[in-house]
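# Coordinate analysis (summary)
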Amino acid sequence: MTVSLTIDGTSVDVADRSSVLDAVLAAGRHVPHLCKDKDQSPIGSCRTCMVAIEGVRGLRASCHTPATTGMAVSTSGEALDRVRRTVLELTASMVDGEVVSTREGVSGELRGELERYHVRANRYDPHPRPHVDTSSPFFDTDLSACILCGRCVNACQDVQHIGAIAIAGSGRDARIASFMDGPIAESICTSCGQCVSVCPTGAILPKRVESIPLVAKEVASTCPYCGVGCGIALQVDANDRLIGVLDQPANPSSNGMLCVKGRFGTSFVHHADRLTQPLIRRDGKLQPASWDEALDLVAAKLVEHRDSFAALASAKGTNEDGYVFQKFVRLLMGTNSIDHCSRLCHGPSVKAMLLQIGSGATSNSYEDYENAGCLMVVGSDTSSNHPVIASRLRRAIDTRGTKLIVVNPTRIDLCDYTDMWLRPNPGTDVALFNSLARAVLDEGLEDDAFIDGRTEGFDEWRASLAAYAPEETARLTGVPAELVRRAARTYARPPFSGSCLLWGMGVTQHTCGTDNAHALVNLALATGQVGKPGSGISPLRGQNNVQGCGDAGCLPDQLPGLQGIGAEVVRKFADAWGGELSAAPGLTATEMIEEAAVGRLDCMYVVGENPLLSEPHLAHAEEAIDRLKFLVVQEIFMTETAERADVVLPSTSFAEKEGTFTNSERRVQRVRQAIPPVGDSRPDWAIVCDVAQRVARLLGRPAHGFDFESPAAIFDELAALAPSMSGISHARLDHEGGIQWPCPTPDHPGTPRLFAGTFPLGRGRFVPVTQGPPAAELPSRRFPYILNTGRVLYHWHGGTMTRRVRGLLERSPTVRVAIHPLDAEAEGLANGGEVTVTSRRGELHGEVFATEAVRRKEIFVPFVKLADSAANFLTNAVYDPKSKIPEFKVCAVRIDRPGAERKPR
């Protein structure tokens, strides 16, 4: 439905519920609108957008006036211009004109309007607010350039739903302030920079090391950090350097939001540590070499060790990188031993979901989170790991009254918004999820129609819950029975719409990780909370392209398109690729380390992964890698794994390549080259194709399957072999934006929500699971604490990229060991002081962070490596027998003051 009106005599049609300002802009006319950002709701504070409307007495703020059919609007005229000029003169009196004039190249909206209306000097007494806050490592605030438009407050409160800033005081004392007028860095600000992006005067300004460079071009791309898949625009100067990142409001995955890493964390691209030329180990040292010399050596060694070979692909590379790599491993190296970091995060989720519903991907879209009546967030510190999704969850709670259930042993940010916080004892997740399911059944809250019509195995599963009444599991789990029953009622029967179940690595990185995932899927099937709006099952994917890396075939038991290795599928790919393929599943990532440790694996090709930081029990992993006879690493930095390589090949970062990423909601999105390759680095796909052609020649085979001219051609081959993506292409993505698979034909719109009518297996399957031992490694007198691990907001996983971003490192420079204040006191540890954490496998040194977010006798350490300390020096190399994921979350440790005499245990 549209509305027709005239703007300065020109007819224009706009959508129903548009404002007059929308119509003015649609007509190509200009009026100032200093408090109205194009991607935010109207605020109506600046009064610069006033217009005259025929038949309406007085002037109206166009941003707040609804457009109606037949309306005649004038944007200029003697009286209107006089009033507008007066408003701008009053606005100008609020700021220091000299400060505003220096904001060249940043945000010239106010300056531009003053020039347009010839406001040269203040007619009124100036009253700027002389307050400067430089505490943030990412941006500075200078209130002498602030006009109190409120856009930054709106961005913080109504877009990101954080609420770190507000308008405090009144009259001439009114100001933008954080809580108690404290420094922004000491507030709840997450440094997302949303306020920076909307400021019209430069009062909030990104920090610059040098003078502000001019933007030569902007290139739309996709964020290289987590699996949310936020749209970004890379700003590039005339010297081909990234100088800034803008959000992309039209991107449906992020809706114009970014987190601190996406907006301020891309300077690693230009870090001095970037690998810029191939390196070959000679006389025990890595030394520069030519590409031909390095690639010839790699090809010869790969052929030599072809019968004892495995590969790790990168979930930070593109779909095209992954597809070419797995094709090379399978077709020329003759093995399915290729894996990636999904093994270390959501391998259990994929394993369980494939068995129960036939798909290991998130079933819903992010928009379902905002439409849900209930959100259950399990084992995920979403605000740290997936900040933009956390903003969408907070928006649902704030604007729709959505109920939130948090299941986490640690107090996380979302606990401040929750209706119910279930805090299970470590290692008791199966018992808790089974007790939730038992509560659903006890109160008759199951969805009988869904169960009867779309599932199988229900009766056997129901019988398996006999011992899991909430009253019986409360002692084991630590969660009161009434809280379990209340959560079950809310999840099964939300106040409106459906329920979304989100989970993270807090429940997967266990020896019982697959059983945990089975129990969660059982709960969703029993309540019918899948396949309908506002519902779904969502394993929140970690890396930016962990979903796509699996889709591209970088798994030991699945070919591209997540097609399981079987005779018919193998034959299809063998025919397409023109060669013989193995039908035997390959080694998983964790099995590769164990095989290398016992001498049964001689050679590895590692692309963009760092097992000597991501694997558990790092001392054991180092010994395993050192036993390899040949190791080639393809990377952008000299990682811990690259340091031990025989050959290191320099690859390009996300900003230097073309391709696609696939995010956690199955949305395939474009990655575009913004700058030339740094040094002599090359895109991963191009390096692998070059290696493949050399290997093919040594094997006497044709190399025509690796002569791709572009990533677009690679994607076309992938799409032709993967039915779920056969309707997607680079050309279509460039024209339409991101598309969610399944997308079987070029005219298919994509699939926002899976399983609306059926499951790939036909019926969903209930899988009974039972609670095993409470932990893989229990505390003892010598090691009395339980260690938990995870991520932090200002670093990404091991920190390979974020440790090379100045602001991120400034915000989180050391490993902080979270410990309960009473435990810190008992151990003689001062908050902020040094501490040593020791397990049966190793030790790390960190900084004491006394917090009640963790319970007594539990500590939390992030995965990131800082000052040569990392959690995986401590963790246990025992594995889930079903998915082969390591036990990252539960191990026994002790804590000591450095230099202190250790007390007998």
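Just so you know, these numbers come straight off a predicted model, no measurement behind them.

## Notes on the pattern of salt bridges
Counted by the stated rule, this structure contains 50 salt bridges. A salt bridge links Asp-896 to Arg-894, with the shortest nitrogen-to-oxygen separation between them at 3.3 Å. Across this residue pair, the class does not change: Asp-896 and Arg-894 are buried. Linked through salt bridges whose partners overlap, the residues forming this network are Asp-292, Asp-296, Arg-682, Asp-690 and Arg-694.

## Here we look at empty space enclosed by the protein
Applying the stated criterion across every chain, the model contains 5 cavities of 30 Å³ or more. One number sums up the size of the largest cavity: a volume of about 540 Å³. For the lining of the largest cavity, the elements supplying multiple residues, two or more each, are helix H24 (611-614) and strand E27 (630-635). Here the lining of the largest cavity is built from residues that sort into 12 nonpolar, 17 polar and 6 charged.

## Looking at the side chain of Thr-751
Mapping Thr-751 onto the fold places it in the loop between strand E31 (739-740) and strand E32 (764-765). For Thr-751, the side chain forms a polar contact with the main-chain oxygen of Pro-742, separated by 2.6 Å. Setting aside chain neighbours within four positions, we find Thr-751 in contact with Arg-666, Gln-740, Trp-741 and Pro-742.

## Quick notes on the pairing of strand E34 (residues 816-819)
Two faces belong to every sheet, and in a regular strand the side chains alternate between them. Where E34 and strand E36 (residues 843-850) come together, 4 bridges link them in parallel fashion. Paired with Ile-819 across the strands is Ala-850, a residue of E36. Sheet topology note: the E34/strand E37 (residues 858-862) ladder contains 2 bridges and is antiparallel. Among the inter-strand pairings, Ile-819 is bridged to a residue of E37, identified as Ile-859.

## Thoughts on the nonpolar core
Ranked by internal contacts, the top residues of the largest apolar core, which has 85 residues, are Phe-139, Phe-268, Tyr-369 and Leu-375. Leaving out residues up to four positions away in the same chain, Leu-375 has contacts with Tyr-369, Leu-393, Ala-396, Thr-402, Lys-403, Leu-404, Ile-405, Cys-500 and Leu-502. Ranked by size, the runner-up nonpolar core spans 68 residues in total, among them Trp-291, Leu-332, Val-546 and Ala-703.

## Observations concerning the sheet that holds strand E13 (residues 242-247)
Each strand in a sheet pairs with its neighbour through backbone hydrogen bonds, running either in the same direction (parallel) or in the opposite one (antiparallel). Here 3 strands make up an open sheet; going across it, the order is E11-E12-E13 and the pairing antiparallel. Of all the strands in the sheet, the pair left with one neighbour each is strand E11 (217-222) and E13. Averaged over all pairs of adjacent strands, the angle between strand axes in this sheet comes to 30°, irrespective of strand direction. The pairing of E11 with strand E12 (residues 231-236) spans 6 bridges and is classified as antiparallel. Across the sheet, Thr-222 pairs through a bridge with Gly-231, a residue of E12.

## Some words on unusual backbone geometry
Following Trp-741, the chain continues to Pro-742 via a peptide bond in cis, the omega torsion being 5°. Note that Pro-742 resides in the loop between E31 and E32. Unlike most non-glycine residues, Leu-148 shows phi in positive territory, near 55°. The backbone of His-617 shows a phi angle near 45°, a positive value even though the residue is not glycine. Among the secondary structure elements, His-617 is positioned in the loop between H24 and helix H25 (618-626).

## Structural notes on the side chain of Thr-222
Locating Thr-222 in the fold gives a position in strand E11. Given a relative accessible area of 3%, Thr-222 falls into the buried group. Reaching out from Thr-222, the side chain makes a polar contact with the backbone oxygen of Arg-670 at a distance of 2.8 Å.

## A word on the packing of helix H10 (residues 347-357) against helix H20 (residues 513-527)
Two measures define how a pair of helices packs: the angle their axes make with one another and the distance between the axes. Two elements in contact, H10 and H20, have axes separated by 8 Å at closest approach and are oriented at 45°. Looking at the two axes, H10 sits oblique to H20. The way H10 lies across H20 gives a crossing that is right-handed. In this structure, H10 uses Pro-348, Ser-349, Lys-351, Ala-352, Met-353, Leu-355, Gln-356 and Ile-357 to contact H20, whose residues at the interface are Gly-513, Thr-514, Ala-517, His-518, Val-521, Asn-522 and Leu-525. Looking at the contact of H10 with H20 residue by residue, the classes come out as 8 nonpolar, 6 polar and 1 charged.

What counts and how
Residues numbered from 1 in each chain as written. Predicted model: local features only at pLDDT ≥ 70, side-chain atom pairs only at ≥ 80, totals over all residues. Heavy atoms only, no water. Salt bridge = Lys/Arg side-chain N within 4 Å of Asp/Glu carboxyl O. Buried < 20%, exposed > 50% of the residue type's maximum accessible area, 1.4 Å probe, protein only. 1 Å grid on protein atoms, 1.4 Å probe; cavity = no way out; pocket = protein on both sides within 12 Å on 5 of 7 lines; lining within 4 Å. Points joined across faces, edges and corners; volume = space filled by probe spheres on them. Helix = DSSP H or I, 4+ residues; strand = E, 2+ residues; numbered from the N terminus. Nonpolar A, V, L, I, M, F, W, Y, C, P; charged D, E, K, R; others polar. Polar contact = N/O pair within 3.5 Å; in protein donor to acceptor, adjacent residues only side chain to side chain. Contact = heavy atoms within 4.5 Å. Pairing = 2+ DSSP bridges. Core = buried A, V, L, I, M, F, W, Y, C linked by side-chain atoms within 4.5 Å. Axes fitted to C-alpha atoms, helices over the stretch in contact; angles between N-to-C directions. Parallel < 35°, antiparallel > 145°, perpendicular 65-115°, else oblique. Left-handed = near helix turned anticlockwise from the far one by under 90°.

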